[in-house]
Amino acid sequence: MFARGLKRKCADHEEDMGGALAGFKAVPSYSLQRQSLLDMSLVKLQLCHMLVEPNLCRSVLIANTVRQIQEEMTQDGTWRMAAPQSTGRAPLDRLVSTEILCRSTREQDGVCPASGMGDGLALGPVSEFSTVTSAQTPGNPQNSVWEMDSPRENRGSFQKSLDQIFETLETRNPGSTDELFSDMDSSYYDLDTVLTGVVSRAEPGPCDGLQGLAPAATPPPSSSCKSDLGELDHVVEILVET
Amino acid sequence: MAGAGGGNDIQWCFSQVKGAVDDDVAEADIISTVEFNHSGELLATGDKGGRVVIFQQEQENKIQSHSRGEYNVYSTFQSHEPEFDYLKSLEIEEKINKIRWLPQKNAAQFLLSTNDKTIKLWKISERDKRPEGYNLKEEDGRYRDPTTVTTLRVPVFRPMDLMVEASPRRIFANAHTYHINSISINSDYETYLSADDLRINLWHLEITDRSFNIVDIKPANMEELTEVITAAEFHPNSCNTFVYSSSKGTIRLCDMRASALCDRHSKLFEEPEDPSNRSFFSEIISSISDVKFSHSGRYMMTRDYLSVKIWDLNMENRPVETYQVHEYLRSKLCSLYENDCIFDKFECCWNGCDSVVMTGSYNNFFRMFDRNTKRDITLEASRENNKPRTVLKPRKVCASGKRKKDEISVDSLDFNKKILHTAWHPKENIIAVATTNNLYIFQDKVN
């Protein structure tokens, strides 16, 4: 599943990271592993949403996992804006595709307010799509990261199964991650930016309200999309007499 | 519990297998629920195609008492059809999520079956006699010319080949916005509950146009949703008490006498997390897939991804017993997350006297835990052990290191062969185990 031939880069990269990883030369760093899990989860949510009627339990569990990862990344300080070089072609593609996909999704969701994902569950329809370009095929989730700048390609160096990788995660002390990341050059896309899709757009789009992952404080601005959902939800509730 | 051993150990033998032999599984044939009725004489299965198949146990042959009666097909009917929800533009699956039997009150049998949205009450009745000797009709049904009737006779009932008819008596629809995961009949035998991801409704069996909402965990803002209802069940003896489990590993016990809307629980059962086992998957594997009260009503059992826990209703802060189903999967959680197996919902069940619990696993393995002896056994549902009265050989999974003979390594396990649904006869040591599209019946060895 992962492209070969990139192991060296990761190994070199890890040699720079000091003693903590000395014993794990062939194993990608915790942050990359975590990033990969995040990517996988976002893709799952996107696929979830493409299904006819998503399994709400599964969606909630995956969304919670994403939230956990994001919280940890925020604490680590690794959750930051995309580096300038990556705001070139690729993110623009994402924003464009976000709008297109969001529009078609919204048409579908506009009439299903009460079903799992259509209710604007934490990440909302836009979030899943915003991490994937229109060229993406669902069966190949890792492709989405390949077009990003090079440090991201380190994920291709997961030769070993992710199982072993995550064994190390479980024993990791979060406090020790600072020194691990000191030499990190990778630019993690800012999920908030991507979710809101407003970085380069002047007027708020229909999906703006769905910023489930934005850290606590700011309440999402109400949008026409959400108020429609709210009304229809109300109507449906009356119809089903609950 | 082991194959060899003391007088109290059960030796499980293959009895029967139902379903297609070929490996090519038709999606509609995937078994989605298995349930014995209250006497154990009937065994119902539901499948993804919306069909219910009921098996009936043969009356024991007193002369040949080396085995209990076999289960043969008694009735087959289409319970649910696929539907289209026009409001949401979504198809509603016909897959039967749960079947629950009502206790028998007269000659007919009743069961509730449900798909994602609609619950139906089915009456299964036998007809083994038919009236013959009508005055105005011929035997084939044609009407006779009344002028040819010169004498009158009284029609009499004559035996006919047994016919089992299933008819829908009640349809309980339009009360669930989300997918129904549980139904449970109350001990008053008049009401029942149905639970979906966010709400639980209370019904009266006679009334189809009205249900009462008794639990609602839907947040005002769906973006705040972090927890869903995964299962619910009425207490077997207290008609005012029920429990529901959540995706965060908690169980709430509610008393319907306390208030109309039971959003405040009477008891909250939750085990504190083990910090040494913490990972990004901790929450997912703590999600409870099934909850079952013991027959006595004193305990309840919950199934999460890796374990089975027995709770004493009087103690909320931790389970009284925990059994590891397949701990060797803990190091594989990331792969299992990737291939979605981590979201598999395994069920669990008690034996009739609450001394043994059973649940399924992968590779067509299923596990039993004896609460008294603390012994456990792993068995396999496979066509290789096909001969009746063949004693099943215990299985062992080798977690790591050197694999002994007859052990199976974790990496060789077939994760597509999962046993999600099992049932235990309420009185005897007969179990029904569903693989993807086959139903296996095992019995203990009768000497």
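The structure displayed is predicted, hence computed values, not measured ones. (Residues numbered from 1 in each chain as written. Chains lettered and ligands numbered in written order. Predicted model: local features only at pLDDT ≥ 70, side-chain atom pairs only at ≥ 80, totals over all residues. Heavy atoms only, no water.)

1. Description of the overall build of chain A
Secondary structure assignment for chain A yields ten helices and zero strands. Each helix (α) and strand (β) of chain A, taken in turn from the N terminus, gives the series α-α-α-α-α-α-α-α-α-α. A buried classification covers 55% of the 242 residues belonging to chain A. At a minimum sequence separation of 6, the contacts of chain A that also span at least 24 residues come to 77%. (Helix = DSSP H or I, 4+ residues; strand = E, 2+ residues; numbered from the N terminus. Buried < 20%, exposed > 50% of the residue type's maximum accessible area, 1.4 Å probe, protein only. Contact = heavy atoms within 4.5 Å.)

2. A closer look at the overall build of chain B
Looking only at helices and strands, chain B features two helices and 32 strands. Taking 22 Å as the expected radius of gyration for a compact globule of 447 residues, we find that chain B reaches 24 Å, a close match to that expectation. Expressed along its principal axes, the backbone C-alpha trace of chain B runs to roughly 95 × 55 × 40 Å. Among the 447 residues that make up chain B, the fraction classed as buried is 54%. Long-range contacts, defined as pairs at least 24 residues apart, comprise 54% of the intrachain contacts of chain B with a sequence gap of at least 6. Accessible surface for chain B amounts to roughly 20500 Å². Of this, 47% is attributable to carbon and sulfur atoms. Distance between charge centroids for chain B: 4 Å, based on 58 positive and 67 negative side chains. (Rg over C-alpha atoms; globule rule 2.2 N^0.38 Å. Areas by Shrake-Rupley, 256 points an atom, 1.4 Å probe, with all protein chains shown as cover. Lys, Arg positive; Asp, Glu negative; His and termini not counted. Charge placed at Lys NZ, Arg CZ, Asp CG, Glu CD.)

3. Some details on the sheet that holds strand β1 (residues 12-18) of chain B
Residues and elements named next belong to chain B. Ordered by their spatial adjacency, four strands build an open sheet running β1-β32-β31-β30, and the pairing between neighbours is antiparallel. On the outer flanks of this sheet lie β1 and β30 (421-424), each paired with one strand and no other. Averaged over all pairs of adjacent strands, the angle between their axes in this sheet comes to 20°, without regard to strand direction. Two elements, β30 and strand β31 (residues 430-434), share four bridges in a ladder whose sense is antiparallel. Note that in β31 the partner of Thr422 across the bridge is Val433. (Pairing = 2+ DSSP bridges. Axes fitted to C-alpha atoms, helices over the stretch in contact; angles between N-to-C directions.)

4. Comments concerning the layout of surface pockets
All names here are of chain B. Its boundaries defined by the atoms lining it, the second largest pocket holds a volume of some 840 Å³. Taken together, 33 residues form the lining of the second largest pocket, with Glu35, His38, Arg100, Glu233 and His295 sitting closest to its centre. Of all the secondary structure elements, the ones that give two or more residues to the lining of the second largest pocket are β2 (31-36), β8 (98-101), β12 (182-185), β16 (229-234), β20 (290-293), β24 (348-350) and β30. Among the residues forming the lining of the second largest pocket, the class breakdown is 16 nonpolar, eleven polar and six charged. (1 Å grid on protein atoms, 1.4 Å probe; cavity = no way out; pocket = protein on both sides within 12 Å on 5 of 7 lines; lining within 4 Å. Points joined across faces, edges and corners; volume = space filled by probe spheres on them. Nonpolar A, V, L, I, M, F, W, Y, C, P; charged D, E, K, R; others polar.)

5. Some words on the sheet that holds β2(B)
Residue and element names in this part refer to chain B. Read across the sheet, four strands follow the order β2-β3-β4-β5 without closing on themselves; strand pairing throughout is antiparallel. Looking along the sheet, the strands with just one partner apiece sit at the ends: β2 and β5 (71-78). Pairs of neighbouring strands in the sheet enclose a mean axial angle of 20°, with direction left out of account. Where strand β3 (residues 42-47) meets strand β4 (residues 51-57), five bridges bridge the pair, whose relative direction is antiparallel. Across the sheet, Ala44 pairs through a bridge with Ile54, a residue of β4.

6. Regarding the nonpolar core
Among soluble globular proteins, nonpolar side chains are generally buried collectively. Grouped together as the largest cluster of nonpolar side chains are 44 residues, with contacts concentrated most on Tyr305(B), Leu329(B), Leu336(B), Tyr337(B), Ile342(B) and Leu413(B). Looking at this core, the elements that each hand over two or more residues are α2 (30-50) and α3 (56-76) of chain A together with α1 (282-286) and α2 (333-338) of chain B. With nine residues, α3(A) is the single largest residue contributor to this core. Once you skip the residues sitting within four places of it in the chain, Leu413(B) turns out to touch Tyr328(B), Asn363(B), Phe365(B), Val397(B) and Ile408(B). Counting 18 residues, the second-largest nonpolar core is a separate cluster that includes Phe14(B), Ile377(B), Tyr440(B) and Phe442(B). (Core = buried A, V, L, I, M, F, W, Y, C linked by side-chain atoms within 4.5 Å.)

7. Comments concerning the confidence of the model for chain B
Residues and elements named next belong to chain B. The predicted model of chain B has a mean per-residue pLDDT of 92, with 96% of residues at 70 or higher. Scored below 50 in pLDDT, residues 1-7 makes 15 contacts in the model with residues more than four places away or belonging to other chains. Interface confidence in the predicted complex, given as ipTM, is 0.91; pTM for the same model is 0.72. (pLDDT = per-residue confidence, 0-100.)

8. Quick look at the packing of aromatic side chains
Counted by the stated rule, this structure contains 20 aromatic pairs over all chains. Consider the rings of Phe14(B) and Phe442(B), whose centres lie 6.3 Å apart with planes at 70°: the pair is edge-to-face. Of the two residues, Phe14(B) sits in strand β1 while Phe442(B) sits in strand β32 (residues 439-444), which places them 428 residues apart along the sequence. The burial state of Phe14(B) is the same as that of Phe442(B); both residues are buried. Geometrically, the ring pair formed by Phe84(B) and Tyr86(B) is edge-to-face, given 5.2 Å between the ring centres and 65° between the ring planes. Residue classification places Phe84(B) among the partly exposed positions, given a relative accessible area of 42%. One residue, Lys44(A), lies across the ring of Tyr337(B), its end atom 5.3 Å from the ring centre. Taking NZ or CZ as reference, Lys137(B) lies 4.8 Å from the ring centre of Tyr134(B), over its face. (Phe/Tyr/Trp six-rings, centres within 6.5 Å; stacked < 30°, edge-to-face > 60°. Lys NZ or Arg CZ within 6 Å of the ring centre and 35° of its normal.)

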